[in-house]
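# Inside the fold
Next come the chains, spelled out residue by residue.
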Amino acid sequence: MVHRIAFWSCFGLAVRFWQVGIEMRPFFNKSSLWAYPAYALGGASFGFWLQGVDDKQSAMLSERKAFLLEKRKRIAERENTEAKAAAAALQ
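First things first, this report covers the structure right here in the doc. All residue numbers here refer to positions counted from 1 along the written sequence of the relevant chain. With the structure being a predicted model, the display of local features is reserved for residues of pLDDT at least 70 and the display and counting of side-chain atom pairs for 80 or more, all residues being used for whole-chain, interface and lining totals. Hydrogens and water are ignored here; the side-chain numbers use all heavy atoms of the structure.

Glancing now at the packing of helix H1 (residues 2-22) against helix H2 (residues 35-90). Geometry of a packed helix pair, given as the angle between the helix axes and the separation of the axes. Note on definitions: angles span 0 to 180 degrees between N-to-C directions of axes, and those axes are lines fitted to C-alpha atoms, for helices only across the stretch in contact. Working definition: helices are DSSP H or I runs of at least four residues, strands are E runs of at least two. Numbering for both runs from the N terminus. Where H1 contacts H2, the axes come no closer than 7 Å and their chain directions differ by 140°. Two packed elements cross with a definite hand, and for H1 against H2 that hand is right-handed. Each of Arg-4, Ile-5, Trp-8, Ser-9, Gly-12, Leu-13, Val-15, Arg-16, Phe-17, Gln-19 and Val-20 in H1 lies in contact with H2, whose residues at this interface are Ala-35, Tyr-36, Tyr-39, Ala-40, Gly-43, Ala-44, Phe-46, Gly-47, Phe-48, Leu-50, Gln-51 and Asp-54. A breakdown of the residues in the contact of H1 with H2 according to their chemical character gives 14 nonpolar, 6 polar and 3 charged. Crossings are classed by handedness, with left-handed meaning an anticlockwise turn of the near helix from the far one by less than a right angle and right-handed meaning a clockwise turn. Residue contacts follow a heavy-atom distance rule, with two residues in contact if any of their heavy atoms lie within 4.5 Å. Classification used: nonpolar for Ala, Val, Leu, Ile, Met, Phe, Trp, Tyr, Cys and Pro, charged for Asp, Glu, Lys and Arg, polar for all others including Gly.

Put into structure tokens, the structure is as follows:
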């Protein structure tokens with residue numbers, strides 16, 4: 001979780017550096033230093049949100065996988081009983 005938040009924080013900082021570079025302004029101007037933490041915070045909040053989405057999707061997928069495995073098990077058991085019943089009827 002921390003690595004995702006750290007990555008997106010760094011991405012936010014990189015976006016700010018890119019923006020200032022495109023505008024051809026000095027990177028560290030005293031009047032605009034407040035923007036770097038703001039961009040880092042924006043990136044960190046996106047990373048935190050993305051981590052939550054990933055956790056929810058992983059939980060949903062594991063529940064669905066368990067449900068499908070149980071369903072396959074029930075079908076296999078039913079087919080096995082039907083095959084035994086058919087074999088017993090033939091004898």
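The topology assignment puts Gln-51 in helix H2. Exposure categories follow from relative accessible area, calculated using a 1.4 Å probe and restricted to protein chains: below 20% of the type maximum is buried, above 50% is exposed, and the middle band is partly exposed. Using a relative accessible area of 9% as the deciding quantity, one classes Gln-51 as buried. With near-sequence residues (within four places) excluded, Gln-51 lies in contact with Met-1 and Arg-4.

A few words on the packing of aromatic side chains. Side-chain rings of Phe, Tyr and Trp, where Trp is taken by its six-membered ring, are said to pair if the distance between their centres is within 6.5 Å; with planes under 30 degrees apart they count as stacked, over 60 as edge-to-face, and otherwise as tilted. In this structure the tally under the stated criterion is 9 aromatic pairs. Pairing Trp-8 with Phe-46 gives two aromatic rings, centres 4.7 Å apart and planes at 80°, and the pair type is edge-to-face. Within this pair, whereas Trp-8 is found in helix H1, its partner Phe-46 is found in helix H2, the two being separated by 38 residues in sequence. With relative accessibility at 34%, the residue Phe-46 sits in the partly exposed group. Of the aromatic side chains, those joined through ring pairs into one cluster are Phe-7, Trp-8, Phe-11, Phe-46 and Trp-49.

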